[in-house]
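Residues per chain, in single letters:
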Amino acid sequence: MMKDLNWKKIADQNNLTEGPTWTSEGLLYSQCAESVTWIYNPKDGSNIIWRKNTGGSNGMLLDSNGKLYACEGEGRRLVSYESGKETEVVATEFEGKKFNEPNDLAIFPDGKKIWFSDPNYGGRPLSIEHESVYLAIKSESSWKIKRATFDTDRPNGVLLSKYSNRLYVANSPHDFDNPEIRRELRSYNINDDFSLGSYEVMHDFGPHRGVDGMTLDSEGNIVATAGFNTSGPGPMIYHFDPEGRVIQTFEAPEDAPTNCTFGGDKGDVLYVTFATGAVYMLEGTGLTG
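Fair warning: this is a prediction, and the values are worked out from it, not measured in the lab. (Residues numbered from 1 in each chain as written. Predicted model: local features only at pLDDT ≥ 70, side-chain atom pairs only at ≥ 80, totals over all residues. Heavy atoms only, no water.)

Caption draft 1: Representation of the overall build of the chain in the model. Helices and strands together make up the secondary structure of the chain, namely zero helices and 26 strands. Relative to the globule expectation of 19 Å for 289 residues, the C-alpha radius of gyration of the chain, 17 Å, shows essentially globular dimensions. Taken along its principal axes, the extent of the C-alpha atoms in the chain is 50 × 45 × 35 Å. Within the chain, contacts between residues separated by at least 24 positions form 45% of all contacts whose residues are at least 6 apart in sequence. (Helix = DSSP H or I, 4+ residues; strand = E, 2+ residues; numbered from the N terminus. Rg over C-alpha atoms; globule rule 2.2 N^0.38 Å. Contact = heavy atoms within 4.5 Å.)

Okay, here's the thing in structure tokens:
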């Protein structure tokens, strides 16, 4: 584990931040409970509200054309939107039932296929009796929704592998009082028809807090946020190779890191959001996105 890291706090909101997304304008990130998207400008260090009424937006991601998609947990839908423009609704329900709480997403390079997780961290009664990952497929002007996982307890972060042939899924239930429940980082094979095959457990976090959000570095390795002060090794940034071997870890400066992304002019700055409401930047890791 690397010590004496150059962590710099760039924002400190009142509650959980998520969905960091690097754009040409700066870093977008969600403040879920306030239904606000902020933008951090690295040139002057400012944080200003970029968009309001985001339906509890959590995970966000740009497609290859620069279109921004978001999982609105409170709004219970997958959408796309731009500052000052109308919201485009991609998906709101499956088999006639509202989603539970869309959380995170991964977009296929062609921009026509989006995997997204639908856990129920909000604690509301389940609208759909299972907590699964779904696949949205665009056909002309509409989106068709298919269930992608049939074996997840509470899927959180999702991420495509470098060559888009595997989907990484953080299976991260929150019943920490039950030692039988495991938190796993999983790898699912993507079949030719874009259904998911069986999974391999890449890393078992046991009874401790598992992966929340994750991103890829330029080599196709996984950079993931996990852990908390309550148990286990504490809040960490994990660096996994594509087979799940831990390459290195970075000790996080605050409790419960939630998500991360690379940004900066050279793509060598790691931005990390936290359940505490903080947002940090980390330089000098030797990694790029």
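Caption draft 2: Here's a closer look at the sheet that holds strand 20 (residues 211–216). In space, the four strands of this open sheet follow the order 20-21-22-23, with antiparallel pairing throughout. Looking at the sheet topology across the chains shown, the edges are occupied by strand 20 and strand 23 (246–251). Neighbour-to-neighbour, the strand axes of this sheet turn through a mean angle of 25°, independent of strand direction. Alignment of strand 20 against strand 21 (residues 222–228), held across four bridges, turns out to be antiparallel. Within strand 21, the residue paired with threonine 215 across the bridge is valine 223. (Pairing = 2+ DSSP bridges. Axes fitted to C-alpha atoms, helices over the stretch in contact; angles between N-to-C directions.)

Caption draft 3: Spotlight on the nonpolar core. Grouped together as the largest cluster of nonpolar side chains are 16 residues, with contacts concentrated most on Leu78, Phe99, Leu105, Ile114, Phe116 and Ala136. Discounting chain neighbours no more than four positions away, the residues touching phenylalanine 116 are Cys71, Leu78, Ala91, Phe99, Pro102, Asp104, Leu105, Ser132, Val133, Tyr134 and Ala136. (Core = buried A, V, L, I, M, F, W, Y, C linked by side-chain atoms within 4.5 Å. Buried < 20%, exposed > 50% of the residue type's maximum accessible area, 1.4 Å probe, protein only.)

Caption draft 4: Highlighting unusual backbone geometry. A positive phi angle, close to 60°, is found at arginine 76, a residue other than glycine. Looking at the secondary structure, you find arginine 76 in the loop between strand 7 (68–72) and strand 8 (77–80). Located in the positive-phi region is phenylalanine 194, a residue other than glycine, with phi close to 70°. Of note, phenylalanine 194 is situated in the loop between strand 18 (184–190) and strand 19 (196–204).

Caption draft 5: Representation of the packing of aromatic side chains within the structure. Evaluated as defined, the whole model comprises 15 aromatic pairs. Ring plane angle 65° and centroid distance 5.2 Å describe the contact between phenylalanine 99 and tyrosine 134, whose orientation is recorded as edge-to-face. Pair noted here: phenylalanine 99 is in the loop between strand 11 (97–98) and strand 12 (105–107) and tyrosine 134 is in strand 14 (residues 132–139), with a separation of 35 residues, a long-range link. Linked through ring pairs, Phe94, Phe99, Phe116 and Tyr134 together constitute an aromatic cluster. Sitting over the ring of tyrosine 121, arginine 154 keeps its end group 5.5 Å from the ring centre. The ring of tyrosine 199 has arginine 186 sitting right over it, with the charged end atom 4.0 Å from the ring centre. (Phe/Tyr/Trp six-rings, centres within 6.5 Å; stacked < 30°, edge-to-face > 60°. Lys NZ or Arg CZ within 6 Å of the ring centre and 35° of its normal.)

Caption draft 6: View of the sheet that holds strand 19. Sheet architecture is open: four strands sit in the order 16-17-18-19, paired in antiparallel fashion. Looking at which strands have only one partner, the edges of the open sheet turn out to be strand 16 (155–160) and strand 19. Mean inter-strand twist for the sheet, computed between neighbouring axes without regard to direction, equals 25°. The sheet contact formed by strand 17 (residues 166–171) and strand 18 spans six bridges and is antiparallel. Residue pairing in the sheet places alanine 170 in a bridge with leucine 185 of strand 18.

Caption draft 7: View of the pattern of salt bridges. In the structure shown here, the tally under the stated rule is twelve salt bridges. One salt bridge connects lysine 67 with glutamate 88, and the closest N-O pair in it is separated by 2.7 Å. Of the two residues, lysine 67 is situated in the loop between strand 6 (57–62) and strand 7 and glutamate 88 in strand 9 (residues 88–91); the sequence distance between them amounts to 21 residues. Residue classification places glutamate 88 among the partly exposed positions, given a relative accessible area of 27%. Here arginine 77 ties to glutamate 72 by a salt bridge, and the two come within 2.7 Å at their closest N and O atoms. What makes glutamate 72 buried here is its relative accessible area of 2%. The network of salt bridges with shared partners includes Lys9, Asp12 and Glu254. (Salt bridge = Lys/Arg side-chain N within 4 Å of Asp/Glu carboxyl O.)

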